[in-house]
Amino acid sequence: MPKAYIIEVHDRTAGIIASDERSFRFFSSERLFDSLEGRQFRSARDAERAARAVFAERRHLVSI
């Protein structure tokens with residue numbers, strides 16, 4: 001049975017991840033995180049780390 005989780009970074013919804021038997025796929029919900037769209041991760045935690053890294057890298061472009 002597939003599972004889905006919401007990934008939030010600094011009160012922003014980065015996207016959702018959906019699991020299959022082997023991995024978690026990222027679906028972006030905000031343009032800032034589009035670089036992660038469709039990427040597969042080994043765990044939900046890995047996807048969250050990637051979203052946090054994208055945010056940290058581009059936070060100068062975002063007004064919090």
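Model, not experiment: these values are computed from the prediction.

Caption draft 1: Local environment of the environment of Phe 24. You can see Phe 24 is positioned in strand β3 (residues 24–28). Between the C-alpha atoms of Phe 24 and Ala 47, which are 23 residues apart in sequence, the distance is 7.8 Å. Residues in contact with Phe 24, not counting those within four places in the same chain, are Tyr 5, Ile 17, Ala 18, Ser 19, Arg 39, Gln 40, Phe 41, Arg 42, Ser 43 and Ala 44.

Caption draft 2: Seen up close, the sheet that holds strand β1 (residues 4–9). Read across the sheet, 4 strands follow the order β1-β2-β3-β4 without closing on themselves; strand pairing throughout is antiparallel. Single-partner strands in this sheet number two, and they are β1 and β4 (40–41). Summarising the sheet, β3 and β4 pair through 2 bridges and their orientation is antiparallel. Paired with Arg 25 across the bridge in β4 is Gln 40.

Caption draft 3: Structural context of the side chain of Ser 23. Considering the arrangement of structural elements, one finds Ser 23 in the loop between β2 (12–19) and β3. A polar atom in the side chain of Ser 23 sits 3.1 Å from the side chain of Gln 40. Each residue touching Ser 23, except ones within four places of it in the same chain, is listed here: Ala 18, Gln 40 and Phe 41.

Caption draft 4: Region of interest: the pairing of β2. Here β1 runs beside β2; their pairing, made up of 6 bridges, is antiparallel. Counted as the bridge partner of Glu 8 is Thr 13 from β2. Adjacent in sequence and paired antiparallel, β1 and β2 are bridged by 2 residues, among which His 10 carries a positive phi angle near 50°. By the bridge criterion, 5 bridges tie β2 to β3 in an arrangement that is antiparallel. Each bridged residue has a counterpart across the sheet, and for Ile 16 the counterpart in β3 is Phe 27. In this structure, the hairpin formed by β2 and β3 is closed by a connection of 4 residues.

Caption draft 5: Region of interest: the nonpolar core. Within the largest apolar cluster, 15 residues are counted, with the highest numbers of intra-cluster contacts made by Ala 14, Phe 26, Phe 33, Leu 36 and Ala 51. When residues of this core are traced back to their parent elements, those giving at least two are β1, β2, β3 and α1 (44–58). With 5 residues, α1 is the single largest residue contributor to this core. Residues contacting Ala 51, with those up to four places away along its chain left out, are Ile 7, Val 9, Ala 14, Phe 33 and Leu 36.

The rules behind these values
Residues numbered from 1 in each chain as written. Predicted model: local features only at pLDDT ≥ 70, side-chain atom pairs only at ≥ 80, totals over all residues. Heavy atoms only, no water. Helix = DSSP H or I, 4+ residues; strand = E, 2+ residues; numbered from the N terminus. Contact = heavy atoms within 4.5 Å. Pairing = 2+ DSSP bridges. Polar contact = N/O pair within 3.5 Å; in protein donor to acceptor, adjacent residues only side chain to side chain. Core = buried A, V, L, I, M, F, W, Y, C linked by side-chain atoms within 4.5 Å. Buried < 20%, exposed > 50% of the residue type's maximum accessible area, 1.4 Å probe, protein only.

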